[in-house]
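Secondary and tertiary structure notes
Residues per chain are reported as follows:
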2 protein chains.
Amino acid sequence: MKIAVSGKGGVGKTTIAAALIRSFAELFQRVYAIDGDSDGCLGFALGIPLVELSAIKPVVEMGEQIRKLSGDGAFYALNPSLEDDDLKEFIYQHGKINFMKMGDQKKGGSQCFCRENTFLQTLISTLLLDKNEAVIMDMGAGIEHLSRGTSRGVDLMLVVVEPSINSVNTANNVIRMAQDLGVSKVRIIGNKVRNENEKMFIEKSFQHQEMLGFIGFNENIWLSSMNPSQNASGSDLLEGMKEIREKILVEAGGSYRKG
Amino acid sequence: MKIAVSGKGGVGKTTIAAALIRSFAELFQRVYAIDGDSDGCLGFALGIPLVELSAIKPVVEMGEQIRKLSGDGAFYALNPSLEDDDLKEFIYQHGKINFMKMGDQKKGGSQCFCRENTFLQTLISTLLLDKNEAVIMDMGAGIEHLSRGTSRGVDLMLVVVEPSINSVNTANNVIRMAQDLGVSKVRIIGNKVRNENEKMFIEKSFQHQEMLGFIGFNENIWLSSMNPSQNASGSDLLEGMKEIREKILVEAGGSYRKG
């Protein structure tokens with residue numbers, strides 16, 4: 001099961017992705033959490049200290065190492081030999097969560113993130129998973145990861161939407177472009193919903209079968225976003241995510257649930 | 001005076017940029033408003049109807065037309081002959097606001113937005129302005145427009161920050177990368193500030209001379225984001241932006257104010 005989390009900037013992609021990753025880690029044996037945003041903060045949201053985060057090597061540099069390990073340039077090595085010390089500089093073990101990041105800081109005016117996106121796409125497409133493993137990838141804001149095709153090869157594209165026209169418009173672009181990429185399922189999560197009116201606004205904007213669920217506006221998340229030590233909690237969200245996780249597993253035919 | 005508006009996804013870049021553009025249009029004879037976001041909604045925020053927006057040709061297609069007009073491939077034509085009918089398909093006149101957009105919708109998996117960013121950078125760098133003209137450009141979420149160097153050539157980089165660690169971290173990356181690009185001034189606007197505590201959080205995160213001002217959290221903007229007919233208003237913001245505009249003009253040495 002490979003999942004990408006997308007949506008307009010600021011809708012809460014990373015918060016939702018982090019809660020979903022933690023929720024999947026309760027059931028699955030291993031969850032690969034991939035920060036696919038060049039301005040990403042998924043690792044931080046998962047509670048990995050900033051100093052450790054900056055020490056992790058980005059996956060874009062993983063290629064040569066994998067070729068060394070597997071000999072034939074395939075990504076085979078990412079699975080059976082994942083425990084191998086040779087890949088530990090790219091994969092941060094955080095309980096059952098295996099965290100990776102797409103890219104690293106760059107100098108202003110130096111280059112785009114095309115190479116990082118291309119590598120990530122290859123990685124996702126060729127990664128072989130056991131039934132008790134999942135990949136959850138937090139994408140960059142907006143639609144360029146779709147025009148680039150970074151998320152080609154995921155089974156499910158989640159689009160986070162807040163009660164605003166602009167985030168609904170972005171979601172509709174994501175739906176259209178994900179279809180271009182051959183992503184078979186695209187589902188919406190309504191976020192920051194404060195009342196019935198805002199919920200209805202999102203509900204009316206999509207087809208019934210596209211809606212996966214709603215997460216209410218959370219004052220604690222707003223407040224904790226100023227305090228690094230609380231940033232990892234997000235436990236308020238986990239209850240809401242459980243229902244969403246169940247729906248995802250049902251849609252996947254239940255074949256992934258193993259523990 | 002060329003200004004770029006940047007920051008983490010969701011901090012309110014487009015709302016702030018639109019209010020600043022309207023505020024500058026009160027004083028200046030012409031304000032070029034450029035949507036530099038591949039997932040942009042600046043035109044919508046300025047009150048341009050969606051159907052008209054989609055009819056505007058993106059500046060990335062402007063090159064050939066300019067070469068035809070100017071003969072030598074320079075961007076000279078953008079200034080004296082701006083009224084020329086030949087460029088009207090790229091520039092939407094909206095009162096004193098001349099709106100342009102960087103790119104257009106793409107098919108999923110088709111391509112990156114590198115070409116668009118490169119063209120935009122050339123356009124900004126070579127655009128000659130009269131003293132009573134300004135350019136205000138709304139950038140994409142995050143930092144790739146900086147690693148690409150899209151905003152090289154602006155006089156002032158504004159960074160919108162909300163009361164969160166993540167948006168402060170992004171702002172610090174913007175400051176670092178803008179220096180790499182040779183952008184001489186980078187200034188912070190605190191947004192969505194609800195109380196003294198949140199204001200202080202932002203103030204403490206930057207040097208005093210970097211702070212340009214604060215915009216309070218605005219319930220009306222939240223509510224109007226669901227209603228297309230109200231989306232153009234944002235008039236609540238204009239008062240706060242006036243003070244910020246004055247500071248920008250003082251920093252620019254007052255030489256730009258003409259009316």
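Rules used throughout
Residues numbered from 1 in each chain as written. Chains lettered and ligands numbered in written order. Predicted model: local features only at pLDDT ≥ 70, side-chain atom pairs only at ≥ 80, totals over all residues. Heavy atoms only, no water. Core = buried A, V, L, I, M, F, W, Y, C linked by side-chain atoms within 4.5 Å. Buried < 20%, exposed > 50% of the residue type's maximum accessible area, 1.4 Å probe, protein only. Contact = heavy atoms within 4.5 Å. Buried area = accessible area lost by both parts, 1.4 Å probe. Salt bridge = Lys/Arg side-chain N within 4 Å of Asp/Glu carboxyl O. Polar contact = N/O pair within 3.5 Å; in protein donor to acceptor, adjacent residues only side chain to side chain. Helix = DSSP H or I, 4+ residues; strand = E, 2+ residues; numbered from the N terminus. Expected span 1.5 Å × (residues − 1).

1. A word on the nonpolar core
With 169 residues, the main nonpolar core has A:Phe24, A:Met62, A:Ile248, B:Phe24, B:Met62 and B:Ile248 as its most contacted residues. The residues touching A:Phe24, leaving out its near neighbours within four places in the chain, are A:Met1, A:Ile3, A:Val31, A:Ala134, A:Ile136, A:Arg245, A:Ile248 and A:Leu249.

2. Re the interface of chain B and chain A
How big an interface is tends to be reported as the loss of accessible area on association of its parts. Taken together, the 53 residues of chain B in the interface contact 53 residues of chain A. Here chain B packs against chain A, burying approximately 4,000 Å² in sum over the two surfaces, 51% of which is carbon and sulfur. On the chain B side of the contact with chain A, B:Asp39, B:Trp222 and B:Met226 bury the most area, a combined 17% of that side's loss. For A:Lys8, the salt bridge goes to B:Asp39, with nearest N and O atoms at 3.4 Å. Our count for the chain B to chain A interface comes out at 33 residue pairs in polar contact (both at pLDDT 80 or more).

3. Topic: helix H7 (residues 165–180) of chain A
Helical periodicity: at 3.6 residues per turn, an α-helix aligns residues three or four positions apart in one direction. Over its 16 residues, H7(A) extends 23 Å from the first C-alpha to the last, a length consistent with the 22 Å expected when each residue adds 1.5 Å. For H7(A), the complete set of buried residues consists of A:Ile165, A:Asn166, A:Ser167, A:Val168, A:Thr170, A:Ala171, A:Asn173, A:Val174, A:Ile175, A:Met177 and A:Ala178. Tucked inside the fold, the buried residues of H7(A) contact strand S1 (2–6), helix H6 (144–147), strand S6 (156–161), strand S7 (185–193) and helix H8 (196–205) of chain A together with helix H2 (42–45) of chain B. Looking at the residues trailing H7(A), positive phi occurs at A:Gly182, about 80°.

4. Some words on the pattern of salt bridges
Applying the stated criterion to the full structure yields 30 salt bridges over all chains. Measuring nitrogen to oxygen at the nearest pair gives 2.7 Å for the salt bridge that ties B:Glu219 to A:Arg194. Residue B:Glu219 is found in helix H9 (residues 219–224), and its partner A:Arg194 is found in the loop between S7 and H8; the two belong to separate chains. By relative accessible area, which is 34% here, B:Glu219 ends up partly exposed. Look at A:Arg194 and you get partly exposed, because its relative accessible area is 31%. Where B:Glu133 meets B:Arg30, a salt bridge forms, and the shortest distance between an N and an O atom there is 2.9 Å. With B:Glu133 in strand S5 (residues 133–139) and B:Arg30 in strand S2 (residues 30–36), this residue pair connects regions lying 103 residues apart in the sequence. Classification of B:Glu133 by relative accessible area gives buried; the value is 7%. Using a relative accessible area of 16% as the deciding quantity, one classes B:Arg30 as buried.

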